[in-house]
Amino acid sequence: MSSRYGRNESLIMLSASGPIGVFDSGVGGLSVLRHIRAQLPDEDLIYFADSGHAPYGSKSEAFVIDRSFRIADFLLSQKIKALVVACNTATAMAIHLLRDKYPDLPIVGVEPGLKPAAAKTITGIVGVMATERTLSSNKFHVLHQTLNDRTGVHFIMQPCPGMADLIEHAELDSEPIHALVRRYLTPLLEQKADTVVLGCTHYPFVRHVIEKIAAESGCPDLRIIDTGYAVARQLTHLLDIYAIRRGKTDCASAMQAYTSGDPKTIGHLIARLLQTTMPVAYISL
Ligand code: DGL
């Protein structure tokens with residue numbers, strides 16, 4: 001095996017019976033996992049919530065890259081057959097490095113849905129809500145420039161510091177989350193955005209708050225773009241290409257979560273966000 005950032009020379013054996021690894025800075029990636037579970041009900045899933053190190057959005061690039069490698073290494077030790085980086089920030093910072101290091105592993109990332117937003121907007125003005133780190137990344141800059149050149153759509157960047165953190169603390173309908181969403185959404189609506197991209201996997205869990213505030217502000221038809229479904233579809237496609245999609249089995253598929261935060265808190269959040277339970281274990285990495 002080579003260094004942390006170098007290419008992994010050991011052969012990764014991909015077996016159809018292996019689990020799929022999914023990770024995020026915290027519980028945000030569960031908004032992607034729920035689509036994976038719906039589209040691939042026979043697959044075993046391992047979720048890693050890096051809640052002990054969240055939020056990623058305000059951390060340095062080197063920090064997010066280092067966490068992504070540690071988590072990917074851990075998930076590979078659990079014999080995953082595919083990796084889903086269910087975090088826009090980690091995708092922007094680290095997915096190219098993960099693909100370099102693990103060339104044999106199918107890896108799917110998440111990026112803000114600028115393309116579907118450009119296809120949906122009527123005013124030609126789209127708001128992009130995401131972390132500071134995602135919006136300042138080179139990967140996002142290239143995506144933005146390409147879409148802007150190709151479609152002429154005007155994208156307004158709205159960094160949303162503090163939002164993922166509140167969601168991480170189960171503030172899904174509280175006064176603080178309403179106030180923060182209002183603060184970030186209002187300038188977008190005032191600039192006539194008719195479409196808003198959820199560029200952080202935590203935000204779909206407060207979609208109802210975004211819809212409510214948009215309606216109160218006279219924009220009840222605001223289009224909201226969440227890429228969770230598309231990510232699960234891309235994963236399905238990759239499993240088929242690699243011929244490692246799990247067929248129907250007699251035993252039910254399993255889900256297991258790990259966290260660098262408090263397993264009890266994460267267990268409660270999983271129950272609340274997904275209406276299901278799964279074992280959650282602590283691991284520091
Ligand atoms: N859920 C993550 C994302 O999609 C990161 C949020 C954070 O930790 O700041 O960007």
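The structure contained in this document is the topic of the report that follows. (Residues numbered from 1 in each chain as written. Predicted model: local features only at pLDDT ≥ 70, side-chain atom pairs only at ≥ 80, totals over all residues. Heavy atoms only, no water.)

As for the side chain of Ser260
Position of Ser260 among the secondary structure elements: in the loop between strand E9 (255-259) and helix H11 (263-274). The class for Ser260 is buried, based on a relative accessible area of 9%. Reaching out from Ser260, the side chain makes a polar contact with the side chain of Asp50 at a distance of 2.6 Å. With residues near it in sequence (within four places) discarded, Ser260 still touches Phe48, Ala49, Asp50, Ser51, Gly52, His53, Arg67, Tyr282, Ile283 and Ser284. (Helix = DSSP H or I, 4+ residues; strand = E, 2+ residues; numbered from the N terminus. Buried < 20%, exposed > 50% of the residue type's maximum accessible area, 1.4 Å probe, protein only. Polar contact = N/O pair within 3.5 Å; in protein donor to acceptor, adjacent residues only side chain to side chain. Contact = heavy atoms within 4.5 Å.)

Re the pattern of salt bridges
Note on pairing: side chains with opposite charge can pair once their charged atoms come close. Applying the stated criterion across every chain yields a total of 12 salt bridges. Among the ionic pairs, Arg70 bridges to Asp66, the shortest N-O distance being 2.9 Å. With Arg70 and Asp66 both in helix H2 (residues 61-77), this residue pair falls four residues apart, about one helical turn. Glu216 is the partner of Lys212 in a salt bridge, and the nearest nitrogen-oxygen pair spans 3.3 Å. Taken as a pair, Lys212 and Glu216 lie in helix H9 (residues 207-216) at a separation of four residues, close to a single helical turn. (Salt bridge = Lys/Arg side-chain N within 4 Å of Asp/Glu carboxyl O.)

Focus on the pairing of strand E5 (residues 125-130)
Where a strand is regular, its side chains alternate between the two sheet faces. The buried count for E5 comes to six of six residues, which makes it a mostly enclosed element. Of the two faces of E5, the one lined by Ile125, Gly127 and Met129 and the one lined by Val126, Val128 and Ala130 are each fully buried. In the sheet, E5 pairs with strand E6 (residues 154-159) via six bridges, with the strands oriented parallel. Bridging from a neighbouring strand, Val126 pairs with Phe155 of E6. In this structure, E5 lies alongside strand E7 (residues 195-198), joined through four bridges in parallel fashion. Residue pairing across strands places Gly127 opposite Val196, the latter belonging to E7. (Pairing = 2+ DSSP bridges.)

Here we look at the layout of surface pockets
Space inside the largest pocket adds up to approximately 440 Å³. Along the wall of the largest pocket there are 20 residues; nearest its centre are Gly109, Val110, Glu111, Pro112 and Thr227. Secondary-structure elements contributing two or more residues to the lining of the largest pocket are helix H3 (88-101), strand E4 (107-108), helix H4 (114-120), helix H6 (138-151) and helix H10 (228-241). The element that contributes the greatest number of residues to the lining of the largest pocket is H10, accounting for four residues. For the lining of the largest pocket, the per-class residue count stands at 11 nonpolar, five polar and four charged. (1 Å grid on protein atoms, 1.4 Å probe; cavity = no way out; pocket = protein on both sides within 12 Å on 5 of 7 lines; lining within 4 Å. Points joined across faces, edges and corners; volume = space filled by probe spheres on them. Nonpolar A, V, L, I, M, F, W, Y, C, P; charged D, E, K, R; others polar.)

Examining the packing of helix H1 (residues 30-39) against H11
Contact geometry for H1 and H11: axes closest at 11 Å, N-to-C directions at 55 degrees. Classed by the angle they form, the pair H1 and H11 counts as oblique. Where H1 crosses over H11, the two elements pack in a sense that is right-handed. Of the residues in H11, those touching H1 at Leu30, Leu33, Arg34 and Arg37 are Ile270, Leu273 and Leu274. Class assignment of the residues belonging to the contact of H1 with H11 gives a composition of five nonpolar, no polar and two charged. (Axes fitted to C-alpha atoms, helices over the stretch in contact; angles between N-to-C directions. Parallel < 35°, antiparallel > 145°, perpendicular 65-115°, else oblique. Left-handed = near helix turned anticlockwise from the far one by under 90°.)

Things to note about the environment of Gly29
Relative to the helices and strands, Gly29 is located in the loop between strand E1 (20-24) and H1. A relative accessible area of 0% means that Gly29 is categorised as buried. Along the sequence, Gly29 and Ala86 sit 57 residues apart, while their C-alpha atoms lie 4.7 Å from each other. In contact with Gly29, other than residues within four places in its own chain, are Val22, Asp24, Tyr47, Ala86 and Thr201.

Looking at empty space enclosed by the protein
Evaluation of the coordinates by the stated rule reveals three cavities of 30 Å³ or more. Empty space within the largest cavity amounts to approximately 70 Å³. What lines the largest cavity is a set of 13 residues, and nearest its centre among them are Ser25, Thr89, Thr131, Cys200 and His202. Approximately 60 Å³ is the volume attributed to the second largest cavity. Asn88, Thr91, Ala92, Val110, Glu111, Pro112, Thr134, Ser137, Lys139, Phe140 and Leu143 are the residues that line the second largest cavity. Those elements that place two or more of their residues in the lining of the second largest cavity are H3 and H6.

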